[in-house]
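Summary of structural features
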Amino acid sequence: TQCVDALNVVFSERGSVRQRDGINNLTSALTNAASTLTPYYRTGGNPQIVAGCGTRVEAIATDGTVNASATGLTTGTWGFARFGTPGNEVVYAGQGSTNLNKWDGSAWTTAISSTPEAGSLAVMPVSNRLVAGRFNTTTGGPTGAASTSSPSHVYFSDAGDPETWT
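Residues numbered from 1 in each chain as written. Predicted model: local features only at pLDDT ≥ 70, side-chain atom pairs only at ≥ 80, totals over all residues. Heavy atoms only, no water.

Concerning the overall build of the protein chain
Note the threshold: A run of H or I in DSSP counts as a helix once it spans at least four residues, and a run of E counts as a strand once it spans at least two, with each numbered from the N terminus. Here a residue-residue contact requires only that any non-hydrogen atoms of the pair lie within 4.5 Å. Note on areas: Shrake-Rupley, 1.4 Å probe, and residue coverage restricted to the protein chains presented here. A positive count includes Lys and Arg, and a negative count includes Asp and Glu. His and the chain ends are not counted in either. Charged groups are reduced to one reference atom each: NZ for lysine, CZ for arginine, CG for aspartic acid, CD for glutamic acid.
Of regular secondary structure, the protein chain possesses zero helices and 13 strands. The order of α-helices and β-strands along the protein chain, N terminus first, is β-β-β-β-β-β-β-β-β-β-β-β-β. Taken along the three principal axes of its C-alpha coordinates, the protein chain extends 65 × 35 × 30 Å. A separation threshold of at least 6 residues defines the contact pool for the protein chain, and within that pool the share at least 24 residues apart is 37%. With the model as given, the accessible surface of the protein chain reaches about 9,400 Å², and the carbon-plus-sulfur share is 51%. In the protein chain, which carries 9 positive and 11 negative side-chain charges, the distance between the mean positions of the two groups comes to 4 Å.

The following block contains the structure:
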């Protein structure tokens, strides 16, 4: 209540003041506009941003350059989940109509077989499982058979193995 003018600051819930984080335009090198983003940190590696860009998923360095792209994918709103142990971190990406894609920090693996066609991904930390939901088709479950998925289905991977869905 005592501050008359403040520039480039943010306030916490408890009322403290700190300098606002800086910004940078990282989208100039992208072919398509990014609609979803997730950070990618890995032990011993440079941080990156993984972006869902319509029919592409991109791994972007902190200076804005594109490290690698997976192209020719089905368009959609992308969901991401980081999975792994220190030194073995990966990011899974899905948009609800095709099998999951994986970024390991240097290369994309697209359409991993036997994974669900999910658009919302999360990790259950207690049991170390990948959780998949938001299916756009009725055959989007891990088995791929008719009526294996709906918008109400949720699948859980095997404990510690995000690419096995028994």
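Examining the packing of aromatic side chains
Stated formally: Two aromatic rings from Phe, Tyr or Trp, using only the six-membered ring of Trp, form a pair when their centres are within 6.5 Å; if the ring planes differ by under 30 degrees the pair is stacked, by over 60 it is edge-to-face, and anything between is tilted.
What the rule picks out here adds up to two aromatic pairs. Relative to Trp108, the ring of Trp103 has its centre 5.2 Å away and its plane inclined at 40 degrees; by these criteria the two rings are tilted. Geometrically, the ring pair formed by Phe135 and Tyr155 is edge-to-face, given 5.7 Å between the ring centres and 85 degrees between the ring planes. Of this pair, Phe135 sits in strand S12 (residues 129–135) while Tyr155 sits in strand S13 (residues 155–156), and the two are 20 residues apart along the sequence.

Describing unusual backbone geometry
To keep things clear, this is the line we draw: Each residue's exposure class comes from its accessible area (1.4 Å probe, protein chains only) as a fraction of the maximum for that residue type: buried when under 20%, exposed when over 50%, partly exposed otherwise.
The backbone phi angle of Asn128 is positive, close to 55 degrees, even though this residue is not glycine. Following the sequence through the fold, Asn128 ends up in the loop between strand S11 (118–124) and S12. The class of Asn128 is partly exposed, set by a relative accessible area of 32%. With phi around 60 degrees, Ser147 is a residue other than glycine that occupies positive phi space. As for its position among the elements, Ser147 is in the loop between S12 and S13. The class of Ser147 is exposed, set by a relative accessible area of 61%.

Things to note about the pattern of salt bridges
Oppositely charged side chains are able to pair whenever their charged atoms sit close together. Heads up, the rule is: By convention in these notes, a salt bridge is any Lys or Arg side-chain nitrogen within 4 Å of a carboxyl oxygen on Asp or Glu.
Counted according to the given criterion, the structure contains four salt bridges. Residues Arg18 and Asp21 are paired through a salt bridge, measuring 3.2 Å at the closest nitrogen-oxygen approach. The partly exposed category is assigned to Arg18, whose relative accessible area is 45%. Judged by its relative accessible area of 51%, Asp21 is exposed. Between Glu58 and Arg56 there is a salt bridge; the shortest N-O distance is 2.8 Å. Note on accessibility: Glu58 and Arg56 belong to one class, buried.

Description of the pairing of strand S6 (residues 66–70)
As a reminder of what qualifies: Strand pairing is assigned whenever DSSP detects at least two bridges linking the two strands.
In this structure, strand S5 (residues 56–61) lies alongside S6, joined through four bridges in antiparallel fashion. Of the residues in S6, the one forming a bridge with Glu58 is Ser69. Hairpin connection from S5 to S6: four residues lie between these consecutive antiparallel strands, with Gly64 at a positive phi of about 100 degrees.

All quantities given are derived from atomic positions and should not be read as evidence of function.
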